[in-house]
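Each chain, letter by letter, is given below.
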Amino acid sequence: MTATVSRRPAPLAPAGPAGTGDIGRLVVSCPDGPGIVALISAFLHRHGANIVQSDQFSTGAAGGRFMLRTEFHLTRLRERLHLLRRQFDVEVARRLGAEFRVRAAATPARVAIFVSRHDHCLLDLLWRARRGELPIEVVAVVSNHPDLEPDVAAFGTPYMHVPVTRATKPAAERVQLDLLRGEVDLVVLARYMQILSGDFLDRVGVPVINIHHSFLPAFAGASPYERARQRGVKLIGATAHYATEDLDEGPIIEQDVVRVSHRASVADLARGGADIERTVLARAVAWHCADRVFVHGATTVVF
Ligand SMILES: Nc1nc2c(c(=O)[nH]1)N[C@@H](CN(C=O)c1ccc(C(=O)N[C@@H](CCC(=O)O)C(=O)O)cc1)CN2
C-alpha cells in the first residue's frame, strides 16, 4: 500500500472581521428540567459575558432532552477560554448532567475532505473556503484516485492519494487514519465512493458528514439517479447526513429537491442533481461548523 502526499503549506485561515475574536459559542445538551436557561445565563453573567444570541429546544417528552446554543461576547476570550470551560463544568454541567462545548466562534474548523472522481462537491467546498464563505480550513484532501490532484493543488491544499480495493480497505483505512493523525475536527465525504468501516468511524474520532445524491430515505445506496429514472420520479434531491456504520442511515442534517420531467435522462438528473448536492453539502458543513446541529438519536435538531 503506498500513499502519495503532495504537501503544500496550508492556506492561512481567513481572519474574521475586527472584534469577532471575542465572540464565544456555548452549546449544551442535558436532561430537560426547569431553570436550565436561568442557570446558564447567570453563569455567563457572573463571568462577565454578554449574550448576543441564544436558541433552545426541548424534546418535550417526559425525560426529554434540552438543547441550547448561545453566542456571547467576552473580552480576552481566547486567553480565558480554558478556565471558562473548567468553571462551566464545575458550576453548571455537573449539576445538569450536561454535555457541552465552549469555543471561539472565529476559530475555523479543520476539515479533511474525502473524494473519489466526482469533483463538483469537492471544488465547491474548496472554493467557498477560499472565499471565506465557509468557516473552515481544508487541511487535506484524501482520495482513492489520483485524478483530482491537480485541481486540489491549485488551492494549495495537500492531496493524499490512498488507493482502495475491497481486499485492501482495512490497510487503506489505517493509512488514512495515520495521515489525519487527529489533526482534523471534521471529515466530509464529498461523493467519496467507498463505504467506511465502523472501525474507521470509531477511530477517526470526529464527525463524518456525507452527501448522498438522493432525497433520503428514497434510493439509499448506490446508483440513485439510475433508480430515480426507472421509477419516474418528478423530484430528485440530495441529502447531507452524518455517516454511520449503516450506509446512508445516519442523522439527516439538510436536504433539498428539484423538479424533473419525463424528458430527463440519467445524465440530465445527475447534472441537475449536482447543483443540489453542492448547496446541500455546503449548508450542512456551514451549520455543523457553526455548532447549529445537535444529534438527537437518529435525528438532528438544527438551530
Ligand atoms: N460508513 C459509511 N460509509 C459511507 C457512507 C455512509 O453513510 N456510511 N456513505 C457513502 C456514500 N455513498 C452514497 O452516498 C455510497 C458510496 C459507496 C457505495 C458502494 O457501494 N461502494 C462500494 C465500492 C464502489 C466502488 O469501488 O466504486 C464499496 O465500498 O464496497 C455505496 C454508497 C460513503 N461511505
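Structure's up top.
Worth saying up front: this structure is predicted, and the values here are computed from it rather than measured.

How each quantity is defined
- Residues numbered from 1 in each chain as written.
- Predicted model: local features only at pLDDT ≥ 70, side-chain atom pairs only at ≥ 80, totals over all residues.
- Heavy atoms only, no water.
- Near = heavy atom within 4 Å.
- Polar contact = N/O pair within 3.5 Å; in protein donor to acceptor, adjacent residues only side chain to side chain.
- Helix = DSSP H or I, 4+ residues; strand = E, 2+ residues; numbered from the N terminus.
- Nonpolar A, V, L, I, M, F, W, Y, C, P; charged D, E, K, R; others polar.
- Phe/Tyr/Trp six-rings, centres within 6.5 Å; stacked < 30°, edge-to-face > 60°.
- Buried < 20%, exposed > 50% of the residue type's maximum accessible area, 1.4 Å probe, protein only.

Novice: Explanation requested: the site of the ligand in the structure shown.
Specialist: Residues in close proximity to the ligand total 17 residues, the closest being Gln 194, Leu 196, His 212, Thr 244 and Asp 248. Here Asp 248 contributes a backbone N or O atom positioned 2.8 Å from an oxygen atom of the ligand. With 3 residues, the single largest contributor to the shell around the ligand is strand β10 (residues 208-212). Looking at the shell around the ligand residue by residue, the classes come out as 9 nonpolar, 5 polar and 3 charged.

Novice: Mind showing me how you'd approach the packing of aromatic side chains here?
Specialist: The description of an aromatic ring pair rests on the distance of the ring centres and on the angle between the ring planes. A full pass over the atoms with the stated rule returns 5 aromatic pairs. Centre to centre, the rings of Phe 294 and Phe 303 are 5.1 Å apart; their planes meet at 75 degrees, and the pair counts as edge-to-face. This pair shows no difference in class: Phe 294 is buried, exactly as Phe 303 is. Taken together, the ring pairs connect Phe 43, Phe 88 and Phe 100 into an aromatic cluster.

Novice: Got a minute to help me understand unusual backbone geometry in this structure?
Specialist: Across residues other than glycine, the phi torsion is negative in most instances, and most of the peptide bonds are trans. Residue Pro 217 is reached from Leu 216 by a cis peptide bond, and omega for that bond is 10 degrees. Its location among the elements puts Pro 217 in the loop between β10 and α7 (224-231). Positive phi values are uncommon outside glycine, yet Arg 181 reaches one of about 45 degrees. Here Arg 181 is to be found in the loop between α5 (169-180) and β9 (186-189). A positive phi angle, near 50 degrees, is found at Ser 223, a position not held by glycine. Summarising the element assignment, Ser 223 is placed in the loop between β10 and α7.

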